[in-house]
Amino acid sequence: MELKTRHLTPEEIGEAVQILREGMVVAFPTETVYGLGANALDPEAVKSIFRAKGRPQDNPLIIHFANAQQVEEFVQEVPPQALLLMERFWPGPLTLVLKKTEQVPDIVTAGLDTVAVRVPDHPVALELLRLTGFPLAAPSANRSGRPSPTRAEHVLADLGGLIPAVLDGGETGWGLESTVLDCTVTPFRLLRPGGVTLEELQDLVPVLYQAEGDGIGTEAPRSPGMKYQHYAPEAKVYLVTGDGAATKIKELSEPYSQRGEGVGVMTWDERAELYPTLTVLPMGPEGNFAALAHNLFHLLRQADILGLKVLFIEGVSEDNLGLAIMNRLRKAADQREIKT
Ligand code: TXA
Ligand code: MG
């Protein structure tokens, strides 16, 4: 069914609340990316999230709360180390996976006995949660497999006509989805790197991260979402790392350029001049990871708007926020990574 998707301003938040109370979905801004929210306690409402996104039903959702106290009823226990992290990083881009109670509908957790919870650090998201009075189940508000939306216009490009409304809070801050941490195992396990870095977590509690055990493989993935391809633009993406990246990119781009096909390169601003014949998607000032994270998904969407056939991306170091950035870039590249 084709809907006219309403584009609401923060002043019109009351209308978003009304739509949610009627059991429908609304896209809303968070400090990470836009989410597609519905009443987490209403299985029918949650079903519409999966429908609108085209999301596989075996991929569980994060539940968003207005504050940490509200979480209590929905989880069996909060280990002391998890409590420490909540106190330090909430509201903020950290999602904790905990043992769930029966209050959480199965559709939210895809039948798992755990639930992912977070308190977002965004005034519009918090106001929405306070006004509705119920927690919101929300994945990123993109069509499944597309880059996560960091602007209302991205949501409309993917879900316009499929959802009743998007609440426009401008560009999101971080630009990458939250860090997901499994707190049901010892030591805690990082399932998805994000805005709260591995280093910051490890400063407080022991945390394990196995990049290779990312969930891609035959074993049942711990974070079900990790097995699906993500963030992919239409263009074929190559991630190129190492000191010889520019030389390699120029060499690989030749045949495409000769056929007159659009070739893009995502690189730091200062390196743009290395690629005079290619379409440059600027990552920001060299080494500014926050700026890159903020723009990353927008740049991937730009690649499509520009109709690029192939996009080369220069890899970055995997320290701090770089770990989350490289995680998303590898997914965009569908494992096409070239080390020079
Ligand atoms: O920043 C974010 O986290 C955004 C905003 C909207 O909050 N949300 C988001 O949701 O990125 P989504 O659905 O795109 O990604 C949630 C990830 C998926 O990889 C999912 O498999 C994992 O969290 N997840 C959810 N519940 C889980 C659970 N019980 N156990 C393990 N992983 C879980
Ligand atoms: Mg997502």
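The present account deals with the structure reproduced in this document. (Residues numbered from 1 in each chain as written. Chains lettered and ligands numbered in written order. Predicted model: local features only at pLDDT ≥ 70, side-chain atom pairs only at ≥ 80, totals over all residues. Heavy atoms only, no water.)

### With respect to the sheet that holds strand β16 (residues 337–339)
Strands sit in the order β14-β13-β15-β12-β16 across an open sheet of 5 strands; the sheet is parallel. Because the sheet does not close on itself, it has two edges, and the strands there are β14 (279–282) and β16. In this sheet, adjacent strand axes meet at a mean angle of 25 degrees when their direction is disregarded. Pairing geometry for strand β12 (residues 236–241) and strand β15 (residues 310–314), over 5 bridges, is parallel. Paired with Leu239 across the bridge in β15 is Ile313. Its contacts with the sheet place helix α9 (residues 289–305) against β13 (263–267), β14 and β15, and it is angled at close to 160 degrees to β14. (Pairing = 2+ DSSP bridges. Helix = DSSP H or I, 4+ residues; strand = E, 2+ residues; numbered from the N terminus. Axes fitted to C-alpha atoms, helices over the stretch in contact; angles between N-to-C directions. Contact = heavy atoms within 4.5 Å.)

### Here we look at the nonpolar core
Counting 50 residues, the largest nonpolar core has Leu36, Leu94, Leu96, Leu181 and Leu201 as its most contacted members. Tallying contributions element by element places helix α2 (residues 43–53) first for this core, with 5 residues. (Core = buried A, V, L, I, M, F, W, Y, C linked by side-chain atoms within 4.5 Å. Buried < 20%, exposed > 50% of the residue type's maximum accessible area, 1.4 Å probe, protein only.)

### Focus: the pattern of salt bridges
One pass over the structure, following the stated rule, counts 16 salt bridges. The salt bridge involving Arg118 is made with Glu31; its shortest N-O contact spans 2.8 Å. Here Glu31 lies in the loop between β2 (26–28) and β3 (35–39) and Arg118 lies in strand β6 (residues 114–118), a separation of 87 residues in the sequence. Here Arg118 and Glu31 have matching classes, each one buried. A salt bridge links Asp158 to Arg146, with the nearest nitrogen and oxygen atoms 3.2 Å apart. A residue pair is termed long-range when its members are at least 10 positions apart, and Asp158 in helix α6 (residues 152–159) and Arg146 in the loop between β7 (136–137) and α6 qualify at 12 residues. Arg146 sits in the partly exposed class, given a relative accessible area of 21%. Connected through salt bridges with shared partners, the residues Arg146, Asp158, Arg301 and Asp304 form a single ionic network. (Salt bridge = Lys/Arg side-chain N within 4 Å of Asp/Glu carboxyl O.)

### Remarks on unusual backbone geometry
The linkage connecting Trp90 with the following residue, Pro91, adopts the cis geometry, with an omega of -10 degrees. By the secondary structure assignment, Pro91 is in the loop between α3 (80–89) and β5 (94–99). Positive phi, normally seen in glycine, also occurs at Gln335, with a value near 70 degrees. As for its placement among the helices and strands, Gln335 is situated in the loop between α10 (321–332) and β16.

### Details of the packing of aromatic side chains
In the structure shown here, the tally under the stated rule is 3 aromatic pairs. Ring centres of Phe65 and Phe74 lie 5.5 Å apart, and the angle between their planes is 45 degrees; this geometry places the pair in the tilted category. Here Phe65 falls in the buried class, since its relative accessible area comes to 0%. Centre to centre, the rings of Tyr238 and Phe312 are 5.5 Å apart; their planes meet at 20 degrees, and the pair counts as stacked. With Tyr238 in strand β12 and Phe312 in strand β15, this residue pair connects regions lying 74 residues apart in the sequence. Residues Tyr238 and Phe312 agree in their burial class; the two are buried. (Phe/Tyr/Trp six-rings, centres within 6.5 Å; stacked < 30°, edge-to-face > 60°.)

### Thoughts on empty space enclosed by the protein
Applying the stated criterion across every chain, the model contains 2 cavities of 30 Å³ or more. Looking at the second largest cavity, the residues that line it are Leu190, Pro193, Gly194, Val196, Thr197, Leu198, Asn320, Leu321, Leu323 and Ala324. Per-class residue counts for the lining of the second largest cavity are 7 nonpolar, 3 polar and no charged. (1 Å grid on protein atoms, 1.4 Å probe; cavity = no way out; pocket = protein on both sides within 12 Å on 5 of 7 lines; lining within 4 Å. Points joined across faces, edges and corners; volume = space filled by probe spheres on them. Nonpolar A, V, L, I, M, F, W, Y, C, P; charged D, E, K, R; others polar.)

Purely geometric numbers; function is a separate question.
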